[in-house]
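Here is how the chains run, residue by residue.
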Amino acid sequence: QVQLVESGGGSVQAGGSLRLSCAASGYTYGRFCMGWFRQAPGKEREGVAVIDSDGSTSYTGSVKGRFTISQDNAKNTLYLQMNSLKPEDTAMYYCAADRRISCGGYWQTPGGYNYWGQGTQVTVSS
């Protein structure tokens, strides 16, 4: 009963930037772990970044220093600012959410999230 809709994907040159948004609606009361996952053809879905209800964040090593996850609770919107994009960042990016206070130490497991968006494509050319 929670709906997530991503937007902001597109095609950019290496070194460029994109800002992804995830709008949440429906039964959104409570505290959530929210995050971004990505999946390229032939690869497993991987966790990119998450943010706890208290604002604490975690990132996968390959995006540290380049990506920033944030949220605007008043607008029920999650963001992923992606800078210095590389061709290996090319993937379908998914917004995910789960009702829990902390994302925990195993935040990169897709099975730990009950709600998912439809995805938005990010393509980075060299």
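Right, let's walk through the structure included here. (Residues numbered from 1 in each chain as written. Predicted model: local features only at pLDDT ≥ 70, side-chain atom pairs only at ≥ 80, totals over all residues. Heavy atoms only, no water.)

1. Observations concerning the state of the cysteines
Enumeration according to the criterion identifies two disulfides in this entry. The partner cysteine of Cys22 in its disulfide is Cys95, sulfur to sulfur 2.1 Å. Because the sign of the S-S torsion sets the handedness, a value of about -75° for the bond joining Cys22 and Cys95 places this disulfide among the left-handed ones. Of this pair, Cys22 sits in strand S3 (residues 18-26) while Cys95 sits in strand S9 (residues 91-99), and the two are 73 residues apart along the sequence. The disulfide that involves Cys33 links it to Cys103, with 2.1 Å between the sulfurs. Disulfide Cys33-Cys103: the torsion about the S-S bond is 110°, which places it as right-handed. Of this pair, Cys33 sits in strand S4 (residues 32-39) while Cys103 sits in the loop between S9 and strand S10 (115-116), and the two are 70 residues apart along the sequence. Residue classification places Cys33 among the buried residues on the basis of a relative accessible area of 0%. Relative accessible area serves as the criterion here: at 6%, Cys103 is assigned to the buried category. Each disulfide of the protein joins two cysteines, and with those cysteines numbered along the sequence the arrangement is 1-3, 2-4. (Disulfide = S-S within 2.5 Å. Helix = DSSP H or I, 4+ residues; strand = E, 2+ residues; numbered from the N terminus. Buried < 20%, exposed > 50% of the residue type's maximum accessible area, 1.4 Å probe, protein only.)

2. Regarding the environment of Val5
Along the chain, the position of Val5 falls in strand S1 (residues 2-7). Measuring from C-alpha to C-alpha, the distance between Val5 and Trp116 comes to 8.4 Å, with 111 residues separating the pair along the chain. The residues contacting Val5, other than those within four sequence positions of it, are Ser21, Cys22, Ala23 and Gln118. (Contact = heavy atoms within 4.5 Å.)

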